[in-house]
Amino acid sequence: MEEKIKQNIKLVKKGDQSAFEDIVAFYQNKVYAICFRMIGNKHEAEDIAQEAFIRAYLNIQSYDENRKFSTWLYRIATNLTIDRIRKKKPDFYLDAEIKGTDGLNMYAQLPAEEALPDQEVESLEMQSYIQNEIMQLPAKYRSIIALRFIDELSLKEISEILEIPVGTVKTRIHRGREALRKRLRHV
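Residues numbered from 1 in each chain as written. Predicted model: local features only at pLDDT ≥ 70, side-chain atom pairs only at ≥ 80, totals over all residues. Heavy atoms only, no water.

Under an unreviewed UniProt entry, the chain has the name RNA polymerase sigma factor and belongs to Gracilibacillus caseinilyticus. Comment text from UniProt for the chain, heading Sequence similarities (unreviewed entry), reads "Belongs to the sigma-70 factor family. ECF subfamily." (UniProt positions renumbered as here; feature names shortened; annotations may be inferred.)

Here it is as structure tokens:
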């Protein structure tokens, strides 16, 4: 598949827009997942993922074909997400009570796709809790944890995406895991 992507990139560089559609179709879910794991908001993740593809398209001439395209694209998405996190100030919290309701919070406003058995509910609550705790980590640890353990990227790929040495990646993974472990020690 990597070879097909390289062919499409060459076509895009020559001006073939339809070739970029194939690239988007292939990478859209992965780019969205990276953005969502870092930002924690579906709509913002969709916006950032779309912006990442726009930036990739506009800057495709600067892409070095000797490197992996996915790493280049993920770096764009990661940088855009980090920029959004830096600019964003929380304007609401999901666990804050909604005024004028009887103890309802924003979690109650999230639509349920279907009725789940007890074990699945517990699993979803635990995942949500862990995601929330990840979101409380500093951005430099949050991005590393998301890229390594959720998106399952290699240390080298993370290093290239974030443009930091592999040693720094290892250190941040260790410190991020320790910070997360402290946050989750009572679970």
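Back to the write-up after that little detour.
**Student:** Would you explain the overall build of the chain in this entry?
**Tutor:** Summing up its helical and strand segments, the chain has eight helices and zero strands in all. Here the chain, with 187 residues, has 32% of them falling under the buried criterion. Taking as baseline every contact in the chain between residues at least 6 positions apart, the subset at least 24 positions apart corresponds to 59%. Carbon together with sulfur atoms contributes 49% to the accessible area of the chain, which is approximately 12200 Å² in total. (Helix = DSSP H or I, 4+ residues; strand = E, 2+ residues; numbered from the N terminus. Buried < 20%, exposed > 50% of the residue type's maximum accessible area, 1.4 Å probe, protein only. Contact = heavy atoms within 4.5 Å. Areas by Shrake-Rupley, 256 points an atom, 1.4 Å probe, with all protein chains shown as cover.)

**Student:** Help me out: how do you make sense of the environment of isoleucine 9 in this one?
**Tutor:** Here isoleucine 9 lies in helix 1 (residues 2–13). Under the relative-accessibility criterion, isoleucine 9 is labelled buried at 1%. For the pair isoleucine 9 and isoleucine 60, spaced 51 residues apart in the sequence, the C-alpha separation amounts to 7.7 Å. Beyond its immediate stretch of four places on either side in the chain, isoleucine 9 contacts Ile23, Ile60, Tyr63 and Phe69.

**Student:** How should helix 7 (residues 155–162) be read in this particular structure?
**Tutor:** Those residues of helix 7 not exposed but buried are Glu157, Ile158, Ser159, Ile161 and Leu162. Buried residues in helix 7 make contact with helix 4 (69–87), helix 6 (139–150) and helix 8 (166–183). At the C-terminal side of helix 7, glutamate 163 shows a positive phi close to 55°.

**Student:** Help me out: how do you make sense of the packing of aromatic side chains in this one?
**Tutor:** Here the distance between the centres and the angle between the planes together describe a pair of aromatic rings. A complete count under the given rule lists eight aromatic pairs for this structure. Here tyrosine 27 and phenylalanine 69 contribute two aromatic rings whose centre-to-centre distance is 5.6 Å and whose plane-to-plane angle is 50°, an arrangement assigned as tilted. Of this pair, tyrosine 27 sits in helix 2 (residues 17–39) while phenylalanine 69 sits in helix 4, and the two are 42 residues apart along the sequence. Each member of the pair tyrosine 27 and phenylalanine 69 is classed as buried. Ring geometry for phenylalanine 69 and tryptophan 72: centres 5.6 Å apart, planes at 45°, overall tilted. Note that phenylalanine 69 and tryptophan 72 are positioned in helix 4 at a spacing of three residues, about one turn of the helix. Judged by its relative accessible area of 1%, phenylalanine 69 falls in the buried class. Under the relative-accessibility criterion, tryptophan 72 is labelled buried at 10%. Three or more aromatic residues link up through ring pairs in this structure, and these residues are Phe26, Tyr27, Tyr63, Phe69, Trp72 and Tyr74. (Phe/Tyr/Trp six-rings, centres within 6.5 Å; stacked < 30°, edge-to-face > 60°.)

**Student:** Whenever I open this one, the packing of helix 6 against helix 7 confuses me. Can you help?
**Tutor:** Helix packing for two helices is described by the angle between their axes and how far apart those axes are. One can describe the packing of helix 6 onto helix 7 by two numbers: an axis separation of 10 Å at closest approach and a directional angle of 140°. Considered as vectors, helix 6 and helix 7 are oriented oblique to each other. As for the relative orientation of helix 6 and helix 7, their crossing is right-handed in sense. Residue-level contacts link Ser143, Ile144, Leu147 and Arg148 of helix 6 to Leu155, Ile158, Ile161 and Leu162 of helix 7. Broken down by class, the residue content of the contact of helix 6 with helix 7 amounts to six nonpolar, one polar and one charged. (Axes fitted to C-alpha atoms, helices over the stretch in contact; angles between N-to-C directions. Parallel < 35°, antiparallel > 145°, perpendicular 65-115°, else oblique. Left-handed = near helix turned anticlockwise from the far one by under 90°. Nonpolar A, V, L, I, M, F, W, Y, C, P; charged D, E, K, R; others polar.)

**Student:** How should the packing of helix 3 (residues 42–58) against helix 4 be read in this particular structure?
**Tutor:** One can describe the packing of helix 3 onto helix 4 by two numbers: an axis separation of 9 Å at closest approach and a directional angle of 130°. Judged by the inter-axis angle, helix 3 sits oblique to helix 4. Here helix 3 and helix 4 pass one another in a crossing that is right-handed. In contact with Glu44, Asp47, Ile48, Glu51, Ala52, Phe53, Arg55 and Ala56 of helix 3, helix 4 contributes Trp72, Leu73, Ile76, Ala77, Leu80, Thr81 and Arg84.

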